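Architecture and fold: a report
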Amino acid sequence: AQSVTQLDSQVPVFEEAPVELRCNYSSSVSVYLFWYVQYPNQGLQLLLKYLSGSTLVKGINGFEAEFNKSQTSFHLRKPSVHISDTAEYFCAVSISANNLFFGTGTRLTVIP
Amino acid sequence: EAQVTQNPRYLITVTGKKLTVTCSQNMNHEYMSWYRQDPGLGLRQIYYSMNVEVTDKGDVPEGYKVSRKEKRNFPLILESPSPNQTSLYFCASSLPPYNEQFFGPGTRLTVL
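In what follows, the accompanying structure is described. For every chain, the first residue of the written sequence is number 1, and numbering continues from 1 onward in sequence order. The lettering of chains begins at A and the numbering of ligands begins at 1, in the order of writing. The model is predicted, so local features are restricted to residues of pLDDT at least 70 and side-chain atom pairs to those at 80 or more, both for listing and for counting; the totals for chains, interfaces and linings are taken over all residues. Heavy atoms throughout the structure, all of them, feed into the side-chain values; hydrogens and water do not.

Quick notes on the pairing of strand β8 (residues 64-68) of chain A
All names here are of chain A. In plain terms, the rule: Under the scheme applied here, a residue whose accessible area is under 20% of the maximum for its type counts as buried, over 50% as exposed, and between as partly exposed, the area being computed with a 1.4 Å probe on protein chains only. Strands are runs of DSSP state E lasting at least 2 residues, helices are runs of H or I lasting at least 4, and numbering of each runs from the N terminus. Strand pairing is assigned whenever DSSP identifies at least 2 bridges connecting the two strands.
Residues of β8 alternate between two faces, with Ala65 and Phe67 buried on one and Glu64, Glu66 and Asn68 left unburied on the opposite face. Sheet topology note: the strand β7 (residues 56-58)/β8 ladder contains 3 bridges and is antiparallel. Bridge pairing in β8 places Leu56 opposite Glu66. For β8 and strand β9 (residues 73-78), the ladder comprises 5 bridges, and the chain directions are antiparallel. Pairing of Asn68 across the sheet is with Ser73, part of β9. Once β8 ends, the chain turns through 4 residues before running back antiparallel as β9, passing Thr72 with a positive phi of about 45°.

Here it is, written out as structure tokens:
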């Protein structure tokens, strides 16, 4: 069975500091990986995705993530956060068109 | 503009009063899904549809119904809402095979 674990439910970080949001998944087959962002009182927006190819994926707003198959991880990183990055971030794993599993989310709070 | 729309955005109702949340997409996507978002639980899939007249249960289908009579529309029906269905609901559409979801803005439902 597939599952997605976001290890940190809340991550506070000071403005301009780097941040890493962790995501691990369990799957015995090849997967597609996504990070979504949800700003306060808004829907979910795709931040980045890994489908195949290079394991380092760049997304919007300066975020990037690295797919590590041996560790079954897809951690999200940003070298310098802004106040506007305060949001909830969801990792998601898909093995087919009918199966998409979300993690429980990580709330990133950027402190001025 | 490519988008998924939901209506209403906010709804307060009472136990047992039937309601419908509409969802429409203009991207000609084959797949559509309904999710509910609850604190600490992330997003859980309620129902999904692979095409017109083809629907199937997700992880938490109890108490919900759906229909897909047209490709662009996928309404969610609560025939007898209960307080445990108070939640934030998202409709999404996607294209196989990667299952990248395009989300609507959400409907916040409160059942008293």
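Let us keep going from here.
Some remarks on the environment of Asn99(A)
Operational definition: A contact between two residues is defined here by any heavy atoms of the two lying within 4.5 Å.
For Asn99(A), the position within the fold is in strand β11 (residues 99-102). By relative accessible area, Asn99(A) is classed as partly exposed at 28%. Expressed as a C-alpha distance, the spacing of Asn99(A) and Glu66(A), which sit 33 residues apart in the sequence, is 22 Å. Excluding anything up to four places from it in sequence, Asn99(A) contacts Val93(A), Ser94(A) and Asn99(B).

Some remarks on the pairing of strand β5 (residues 32-38) of chain A
All names here are of chain A. Within β5, 6 of the 7 residues are buried, which leaves the element mostly enclosed by the surrounding structure. Strand direction decides the pairing type here: β5 and strand β10 (residues 87-96), joined by 7 bridges, are antiparallel. The residue bridging Trp35 from the neighbouring strand is Cys91, located in β10. One ladder, built from 6 bridges, connects β5 with strand β6 (residues 44-50); its direction is antiparallel. Residue pairing for β6: Gln38 is matched across the bridge by Leu44. Two successive antiparallel strands, β5 and β6, enclose a turn made up of 5 residues, where Asn41 displays a positive phi of approximately 60°.

A closer look at the interface of chain B and chain A
When the parts of a complex come together, some accessible area is lost, and that lost area is often taken as the interface size. Let me state the cut-off plainly: Once two parts are brought into contact, the accessible area they lose, counted with a 1.4 Å probe and summed over both, makes up the buried area. Counted as salt bridges are all cases of a side-chain nitrogen of Lys or Arg within 4 Å of a carboxyl oxygen of Asp or Glu. Between N or O atoms, a polar contact is any pair within 3.5 Å; within protein, one atom must be a potential hydrogen donor and the other a potential acceptor, and residues adjacent in sequence are included only when both atoms are from side chains.
Counting from both sides, the interface comprises 22 residues of chain B and, opposite them, 22 residues of chain A. Where chain B abuts chain A, roughly 1700 Å² becomes buried across the two surfaces, and 56% of that area is made up of carbon and sulfur atoms. If you sort the residues of chain B by the area they bury against chain A, Tyr98(B), Asn99(B) and Glu100(B) come out on top, with a joint share of 32%. Taken together, the links from chain B to chain A amount to 1 salt bridge. Between Lys49(A) and Glu100(B) there is a salt bridge, and its shortest N-O distance comes to 2.6 Å. On inspection of chain B and its partner chain A, the count reaches 3 residue pairs in polar contact (both at pLDDT 80 or more). Of all the secondary structure elements, the ones that give two or more residues to the side of chain B that touches chain A are β4 (31-38), β5 (42-51), β9 (87-94) and β10 (101-103) of chain B. Counting residues per element, the side of chain B that touches chain A draws most heavily on β5(B), at 5 residues.

Any link to function would need more than the numbers given here.
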